[in-house]
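Remarks on the overall topology
The chain contents come next:
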Amino acid sequence: MEKQELTEQVQSILDQSRTAPFLFVGTGLSRRYLGAADWESLLQRYARETGESFDVFVSKAERQVDDENNDAELYPLVGSLIDEAFFDVWLESDRYAESRARFGGVPTSPLKYEIASEICELSGQEFPVRHENEPDRHEEELAKLQEATIDGIITTNYDQLLERLFDYEVYVGQSELIFEEQHSIAEIYKIHGSCNQHDTLVLTGSDYDEFNENNPYLAAKLITIFLEHPVVFLGYSIRDQNVRGILRQVIRCLDSERLNQLSNRLIFVEWDEEPNPPEISSREFDIMEGKGTSLEVTRVRTHSFLPIYEALSQTSRQMSAKLMRRMKNQVYQLALTQEPQEQIYAVDIEEAESHDDVEFVMGVGVHERISKVGATGISIDQLFDDLVTDSNRFDHMANAIVTDTIRDWLNTRRKLTPVYRYMDTAGFLDNDSLPKKEEIPGKVVELALQPQSEFQYPGATDEKVEEYRSKTVQEVIEEGRENHLTAAYLTLVNSPDTDALWEFIQENRSLLQEDKGSDYMKRLVCIYDRQQYGPGFDAIDERRERKEE
């Protein structure tokens, strides 16, 4: 089969649905584009740190499970054994002295902490990378993937590759997916945790036990996605136990008619190590493992993922997924909210994409009902733009931004938020420029008291953090890196000069709209916000220490 024919066949499957597809992404993509280790290789390395070989831990685990071929139980148990053995190594070895100092205590699982730190550092590098298993850099593949028309992504990966490729809302772990509001558009569901929250990693036997215990709730959330969207599996084997377990829970909820509907929506893309012509076929998937229920899926084997990404990018729609999510959220809030939120913005649907400075509300109902409900129409990106352009567009609603808008955004994944500018304008700072905690929601106070380390370049090694701590803004700029990397390393400067920082931000504010520079620039703007409008990080650290006492 030619590559173009594969693209056309996949496109024909996707065209049968009226909705854009979801991606279900596994470790194969992280290995391909980041050079990341797979789960087993990662544990093998940390097993050696304990002085035992990986095979020894496997043997111990085999004695504790009924069926030594049951990988679903065996390998999580191996993770538990290595986690337990590594605990004392981390506490006592000089190799981890810097990690202990950086954490400032003892994490529940030092193994998870080290793995998470390693993967976060890997996620911060320039990608795609070359490594021994993938000599090509795959620039063309990734460029085409970013053009894909998709509504969202489900992944068991810990790394941050997908967040860097897609500017989507991220939900970490099962609890966020189960208990927080989602709109199934422009969202990433990291169901096995994320490296920037090490405690969320699903790694050990007890983690998998908890995950499996909540699987019915997870399946209930995912079943609508599976029935309403085509789902393209990337970076998994069709035999992957993680995928099989989730599909098994979904299937238990379906009658035969719905099961047939699901069969027409699943595409498994498997990488062919050899550069053979691509193949596409239907395959009956014994998902219930001999219990009488099978699932027919489309199986693709290909050396290059480019034909798949071509098919995903050829579906057109008038509005971006991110814009559709904003509109859907506003409709939801319109139906839910009783109190007005400053004002309603209206714009013709044909001109929607050209109005980045506003959000809008669509509603159907009685005039009196709609007139009572408003929306500030403010996104986080707009707050960053307002700060760096010094436009003062939202000064008249600074109070509501602090007490409602920012508070509603806040959770463990939303630390990059400028807050002091609006607290200052609203009069929520005391004489020391610190937040008046009695007047501000606790979540906002917690955000405002985050240390500078929360905004530093996540890909920096401990040596780089220490090296750049005492540098000046000008010294970092004069090192002559690309602008987005200069922004990244400027986040490591301790208490930077605000005038010099402001000048750099002004000259490079376009980085806020660029994929490879947006995250670093937002971190830098948050630091500027704390230094210019707040008390600076030294005072923030002192306030936080007093609170902990």
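Residues numbered from 1 in each chain as written. Predicted model: local features only at pLDDT ≥ 70, side-chain atom pairs only at ≥ 80, totals over all residues. Heavy atoms only, no water.

Focus on a negative patch on the surface
What counts is decided by this rule: Distance thresholds for patches are 9 Å for like charges and 5 Å for nonpolar side chains (Val, Leu, Ile, Met, Phe, Trp, Tyr), applied to residues having over 30% relative accessible area and no salt bridge. Surface accessibility follows the Shrake-Rupley procedure with a 1.4 Å probe radius. Residue values consider only the protein chains on display as shielding. Basic side-chain nitrogens of Lys or Arg form a salt bridge, by our definition, when they fall within 4 Å of a carboxyl oxygen of Asp or Glu. Charged-residue counts in this description rest on Lys and Arg as positive and Asp and Glu as negative, His and the chain ends being excluded. Throughout, a charge is located at the NZ atom of Lys, the CZ atom of Arg, the CG atom of Asp or the CD atom of Glu. The helix and strand labels rest on DSSP assignments: H or I over at least four residues marks a helix, E over at least two residues marks a strand, and numbering proceeds from the N terminus. Note on classification: 1.4 Å probe, protein chains only; a residue is buried when its accessible area is under 20% of the maximum for its type, exposed when over 50%, partly exposed between these limits.
Taken together, the side chains of Glu-73, Asp-209, Glu-210 and Glu-213 make up a negatively charged region of the molecular surface. Considering each element in turn, the negative patch owes the most residues, three residues, to helix 11 (residues 205-213). As for its position among the elements, Asp-209 is in helix 11. Using a relative accessible area of 53% as the deciding quantity, one classes Asp-209 as exposed.

A word on helix 25 (residues 498-507)
Basically, it comes down to this: For this quantity, the arc is that covered by the directions from the helix axis to the C-beta atoms. Contact definition: two residues touch when any of their heavy atoms are within 4.5 Å. We call two N or O atoms a polar contact when they sit within 3.5 Å, provided that within protein one can donate a hydrogen and the other can accept it, with sequence-adjacent residues counted only if both atoms are side-chain atoms.
Within the span of helix 25, buried status applies to Thr-498, Ala-500, Leu-501, Phe-504 and Ile-505. Angularly, the buried residues of helix 25 cover 160 degrees about the axis, an arc narrow enough to put them on a single face. In helix 25, the exposed positions angled more than 90 degrees off the buried face are occupied by Asp-499 and Glu-507. Buried positions along helix 25 lie against helix 18 (380-389), helix 23 (473-477), helix 24 (483-490) and helix 26 (518-532). The N-terminus of helix 25 is capped by Asp-497, whose side-chain oxygen sits 3.3 Å from the backbone nitrogen of Asp-499.

Things to note about the nonpolar core
Our working rule: Definition of nonpolar core: a set of buried residues of the types Ala, Val, Leu, Ile, Met, Phe, Trp, Tyr and Cys, connected through side-chain atoms within 4.5 Å.
With 55 residues, the main nonpolar core has Ile-401, Val-419, Tyr-420, Met-423, Ile-505, Met-521 and Leu-524 as its most contacted residues. Of all the elements, helix 26 adds the most residues to this core, at seven residues. In this structure, Met-423 is in contact with Val-402, Phe-428, Leu-429, Pro-435, Ile-440, Val-444 and Ala-448, ignoring residues within four places of it in sequence. By size, the runner-up hydrophobic cluster in this structure holds 37 residues, among which are Leu-14, Leu-29, Tyr-168 and Val-269.

Quick word on the packing of helix 12 (residues 215-228) against helix 13 (residues 241-251)
Inclusion rule: Under this scheme, a helix contributes an axis fitted over its contacting stretch, all axes are lines through C-alpha atoms, and angles between N-to-C directions fall in the 0 to 180 degree range. Orientation is classified from the angle alone, with under 35 degrees giving roughly parallel, over 145 giving roughly antiparallel, 65 to 115 giving roughly perpendicular, and any other angle giving oblique. In this classification, the charged set is Asp, Glu, Lys and Arg, the nonpolar set is Ala, Val, Leu, Ile, Met, Phe, Trp, Tyr, Cys and Pro, and all remaining amino acids, among them Gly, are polar.
At a minimum axis separation of 8 Å, helix 12 and helix 13 run at an interaxial angle of 80 degrees. One element, helix 12, and the other, helix 13, form an angle in the roughly perpendicular class. Touching Asn-215, Pro-216, Ala-219, Leu-222, Ile-223 and Phe-226 of helix 12 are Gly-245, Ile-246, Leu-247, Gln-249 and Val-250, all from helix 13. Within the contact of helix 12 with helix 13, the residues separate by chemical class into eight nonpolar, three polar and no charged.

Side note on the pattern of salt bridges
Tallied over the full model, the rule gives 22 salt bridges. The closest approach of N and O atoms between Glu-270 and Arg-301, which form a salt bridge, is 3.8 Å. Taken together, the residues Glu-270 in strand 6 (residues 266-271) and Arg-301 in strand 8 (residues 295-302) connect sequence positions 31 residues apart. Residue classification places Arg-301 among the partly exposed residues on the basis of a relative accessible area of 28%. Two residues, Arg-469 and Glu-466, come together in a salt bridge whose shortest N-O distance is 3.3 Å. Of this pair, Arg-469 and Glu-466 both sit in helix 22 (residues 462-469), three residues apart, which is roughly one turn of that helix.

Digging into the state of the cysteines
The following threshold applies: Disulfides are defined in this document as cysteine sulfur pairs within 2.5 Å.
Across all of its chains, the model carries one disulfide by this definition. Two residues share a disulfide in this structure: Cys-120 and Cys-195, whose sulfurs sit 2.5 Å from each other. Taking the sign of the torsion about the S-S bond as the criterion, the disulfide between Cys-120 and Cys-195, at about 100 degrees, is right-handed. Here Cys-195 lies in the loop between strand 4 (187-190) and helix 11 and Cys-120 lies in helix 7 (residues 110-123), a separation of 75 residues in the sequence. Judged by its relative accessible area of 5%, Cys-195 is buried.

Here's the deal with the pairing of strand 5 (residues 231-234)
Short version of the rule: Only strands that DSSP links by at least two bridges are regarded as paired with each other.
In strand 5, alternate side chains face the same way, and those of Val-231 and Phe-233 on one face and Val-232 and Leu-234 on the other are all buried. Bridge count for strand 1 (residues 22-25) against strand 5 is four bridges, and the pairing is parallel. The residue bridging Phe-24 from the neighbouring strand is Phe-233, located in strand 5. Bridge count between strand 5 and strand 6: four bridges; the pairing is parallel. Within strand 6, the residue paired with Val-231 across the bridge is Leu-266.

Thoughts on the confidence of the model for the protein chain
Filter applied, for reference: For every residue, the predictor assigns a confidence score, pLDDT, that lies between 0 and 100.
Summing up the model confidence of the protein chain, the mean pLDDT is 82 and the portion of residues at 70 or higher is 82%. Ranking the elements of the protein chain by mean pLDDT puts helix 17 (residues 367-371) last with 34 and strand 1 first with 96.

Considerations on the side chain of Thr-155
When you line up the elements, Thr-155 lands in strand 2 (residues 152-155). What makes Thr-155 buried here is its relative accessible area of 1%. For Thr-155, the side chain forms a polar contact with the main-chain oxygen of Val-25, separated by 2.8 Å. Discounting chain neighbours no more than four positions away, the residues touching Thr-155 are Val-25, Leu-162, Ile-188, Tyr-189, Lys-190, Ile-191, His-192 and Tyr-236.

So, the packing of helix 18 against helix 26
In plain terms, the rule: Each crossing gets its handedness from the near helix: less than a right angle anticlockwise from the far helix is left-handed, clockwise is right-handed.
Relative orientation of the contacting elements helix 18 and helix 26 amounts to 60 degrees, with a least axis distance of 11 Å. In terms of their interaxial angle, helix 18 and helix 26 are classed as oblique. Considering only the axes of helix 18 and helix 26, their crossing is left-handed. Contacts between helix 18 and helix 26 involve Asp-381, Phe-384, Leu-387 and Val-388 from the former and Lys-522, Val-525, Cys-526, Tyr-528 and Asp-529 from the latter. Classifying every residue of the contact of helix 18 with helix 26 by side-chain character gives six nonpolar, no polar and three charged.

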